[in-house]
Every structure is written in C-alpha cells, then in structure tokens.
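# A structural walkthrough
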Amino acid sequence: MRLPALLFSLALISLAPAAVFAQAPAIGTPSHSLRVSGAVKAKVELDLAALKRLTPHDSGPTTVVCASGATMGKADNYRGVLLTDVLKHVGLKLEGHKDDRRMVIVARATDGYVVTFSWSELFNTTIGKEVLVAWEKDGQPLDAKEGQLLLISGQDIKTGPRHVRWLDRIEVVRIP
Ligand SMILES: Nc1nc2c(c(=O)[nH]1)N[C@H]1C(S)=C(S)[C@@H](COP(=O)(O)O)O[C@H]1N2
Ligand SMILES: [Mo]
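Residues numbered from 1 in each chain as written. Chains lettered and ligands numbered in written order. Predicted model: local features only at pLDDT ≥ 70, side-chain atom pairs only at ≥ 80, totals over all residues. Heavy atoms only, no water.

## A closer look at the site of ligand 1
Counted only if it meets this: What makes a residue near a molecule or strand is one non-hydrogen atom of that residue sitting within 4 Å of it. Here a polar contact is taken to be a pair of N or O atoms separated by no more than 3.5 Å, where protein atoms must pair a possible hydrogen donor with a possible acceptor and residues adjacent in sequence count only if both atoms sit in side chains. The Shrake-Rupley method, run with a 1.4 Å probe sphere, supplies the accessible areas, and residue values consider only the shown protein chains as cover. Put simply, Ala, Val, Leu, Ile, Met, Phe, Trp, Tyr, Cys and Pro go in the nonpolar bin, Asp, Glu, Lys and Arg in the charged bin, and everything else, Gly too, in the polar bin.
Residues in close proximity to ligand 1 include Val-64, Cys-66, Met-72, Ala-109, Asp-111, Tyr-113, Lys-145, Gly-160, His-163, Val-164, Arg-165 and Trp-166, which together make up its full environment. The separation between a nitrogen atom of ligand 1 and a polar main-chain atom of His-163 is 2.4 Å. A distance of 2.7 Å separates a nitrogen atom of ligand 1 from a polar backbone atom of Arg-165. Computed on the free molecule, ligand 1 has an accessible area of 530 Å², of which 77% lies beneath the protein chains in the complex. By residue class, the composition of the shell around ligand 1 is seven nonpolar, two polar and three charged.

Now the structure itself:
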C-alpha cells in the first residue's frame, strides 16, 4: 500500500468509533395502542377506540419548547384523555392507604424514549390536570412522525421533554 493510501485507511479506522457512537436520532414506529402494566389491577392494552371511550380533553394552544429553550413549531391544540383518567380506568393496585404516593408513573415510546411522573404530581398537583394521552392535533389525527399517539404535559416549563411521541406504554412502579 502506498503511503497516502495507508494514511487514508488509518484515518478511516480512527473515525469508525466516532461513527458508531454518534447516534442517529432514533425513529419510533407509530403507536396504535397504549399498554398499561405494573402496579395495576390488571394489565390492559387500550387501543384508540378504548381511549376514545374515556372523557375527551383539549389541551388548548400548547407550544412544544425544547429543554434548550428552542420553540418547536406553533401553538397547537391536542385532543386526548387525561393520563389520570387512564390510570383511574385501569385501577392502581394499592396495598395500603398510603401506597398511592409511592408510585412512579413511567411513560415509554417505541423509540426507547422514557419520561416519569409521580403519583402525587399527577393526582395532587395541577400538573395532572394537563397531562394528556393525545391522538389528534388541531383536529387532525397525528401523523407517523408524531407517533399517532403521544403524551403531552401542558403545564411543564419546558414542554418538549415530556412531549412523548410514539407513546406506547405506561408502567406503574411501586417504590419499595
Ligand atoms: N419518542 C420521543 N419523543 C420525544 C423525543 C424523542 O427523542 N423521542 N424528543 C423530545 C424532545 S428533546 C423535544 S424538544 C420534543 C420535540 O418535539 P417535536 O420534534 O415533535 O417538535 O419531543 C420530545 N419527544
Ligand atoms: Mo428537546
């Protein structure tokens, strides 16, 4: 191998690990249902029809603001159901009357994105009044990029982080 070719090969080899670790943003597969599991009375999978049987809520104009402070797009109205209504519908498995406040509610998306809420935050602060599992934005079904099903927490200072595209799972974790 001639020297320039050798140097070129070495350069490529040294760049390879960077290419492996520079993760391309994960793309989720569209979510068509919400599986609820963990400390619940019974595991359930709620499809869109089942979610739509719960009381619908509109977010009102809500802007997605990234943790960096950047505003993503315009203010949109999301339609869905309250996460608290989903949890009431499924029923939490409580072992004692002080058990509810031990619970952490984990929301997961098909691309591996995860966010958390506490039971207290959802049921004992006003934040819970604006946490929606949504299937519609400005009267239109969510597209595949938005996940078809998403979660949004309208009262967050930065709404981006807990705006969960491709939402497909809620897990109730009882902290021992
Ligand atoms: N499933 C999933 N949801 C996600 C993310 C992600 O990587 N995966 N990124 C979050 C971040 S960092 C921001 S700022 C917003 C951006 O939302 P938008 O791209 O739909 O405007 O989505 C959030 N929701
Ligand atoms: Mo973000």
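That covers the picture; the talk isn't over yet.
## Focus on the nonpolar core
Spelled out, the test is: In this text, buried Ala, Val, Leu, Ile, Met, Phe, Trp, Tyr and Cys residues form a nonpolar core when linked through side-chain atoms within 4.5 Å. For the exposure calls, accessible area comes from a 1.4 Å probe over protein chains only, and a residue counts as buried if that area is under 20% of its type's maximum, exposed if over 50%, partly exposed in between. In this description a helix means any DSSP run of H or I spanning at least four residues, a strand means any run of E spanning at least two, and both kinds are numbered starting from the N terminus. In what follows, residue pairs with any heavy atoms lying within 4.5 Å of each other are defined as contacts.
Core analysis: the biggest nonpolar cluster contains 32 residues, and Leu-34, Leu-51, Leu-83, Val-86, Ile-105, Val-133 and Ile-170 have the highest contact counts within it. Of all the elements in the fold, those that place two or more residues in this core are β1 (33–38), α2 (48–52), α3 (83–90), β5 (103–109), β6 (114–118), α4 (119–124), β7 (131–137) and β10 (167–174). Excluding anything up to four places from it in sequence, Leu-51 contacts Leu-34, Leu-46, Val-81, Val-86, Val-133, Trp-135 and Leu-149. Counting eight residues, the second-largest nonpolar core is a separate cluster that includes Tyr-78, Ala-134, Leu-142 and Ile-152.

## Remarks on the sheet that holds strand β2 (residues 44–47)
Put simply, the rule reads: Two strands qualify as a pair provided DSSP detects at least 2 bridges between them. The axes used here are C-alpha line fits, helices contributing only the stretch in contact, and every angle between their N-to-C directions lies in the interval 0 to 180 degrees.
Strand order in the open sheet made by the five strands is β2-β1-β10-β5-β6, with mixed pairing throughout. Each edge of the sheet is formed by a strand with only one pairing partner; in this case those strands are β2 and β6. Neighbour-to-neighbour, the strand axes of the sheet open up by a mean angle of 20°, direction not taken into account. As defined by bridge partners, β5 adjoins β6 across five bridges and the pair is classed as antiparallel. Bridge pairing links Val-106 to Thr-116 in β6. Its contacts with the sheet put α3 on β1, β2, β5, β6 and β10, and the angle it makes with β2 is roughly 135°.

## A word on α3
Taking burial as the measure, the eight residues of α3 include six buried ones, the bulk of the element. Those residues of α3 not exposed but buried are Leu-83, Thr-84, Asp-85, Val-86, Leu-87 and Val-90. With its phi angle positive at about 90°, Gly-91 sits one or two positions after the end of α3.

## Topic: the side chain of Ser-33
Within the element layout of this structure, Ser-33 appears in strand β1. Assessed through its relative accessible area of 15%, Ser-33 is described here as buried. There is a polar contact of 2.6 Å between the side chain of Ser-33 and the side chain of Glu-45. Apart from the residues lying within four places of it in its own chain, the contact partners of Ser-33 are Glu-45, Leu-46, Asp-47, Leu-149, Leu-167 and Asp-168.

## Considering the packing of aromatic side chains
For clarity, the threshold we go by: Aromatic contacts are taken between Phe, Tyr and Trp rings whose centres are within 6.5 Å, Trp giving its six-membered ring; a plane angle under 30 degrees counts as stacked, one over 60 as edge-to-face, and the others as tilted.
This structure, assessed with the given rule, holds one aromatic pair. A ring pair is formed by Trp-119 and Phe-123, whose centres lie 5.3 Å apart and whose planes are at 20°; its orientation type is stacked. Linking Trp-119 with Phe-123, this pair stays in helix α4, spanning four residues, or about one helical turn. Given the relative accessible area of 15%, Trp-119 is considered buried.

## A few points about the pattern of salt bridges
Spelled out, the test is: Between Lys or Arg on one side and Asp or Glu on the other, a salt bridge is scored when a side-chain nitrogen of the former is within 4 Å of a carboxyl oxygen of the latter.
Counted by the stated rule, this structure contains 14 salt bridges. One salt bridge in this structure joins Asp-76 and Lys-137, with 3.7 Å as the shortest N-O distance. Taken together, the residues Asp-76 in strand β4 (residues 71–82) and Lys-137 in strand β7 connect sequence positions 61 residues apart. By relative accessible area, which is 7% here, Asp-76 ends up buried. With a shortest N-O distance of 3.5 Å, Asp-99 and Arg-102 are connected by a salt bridge. The class of Asp-99 is buried, set by a relative accessible area of 4%. Because the salt bridges share partners, they merge into one network encompassing Lys-74, Asp-76, Lys-137, Asp-138 and Glu-146.

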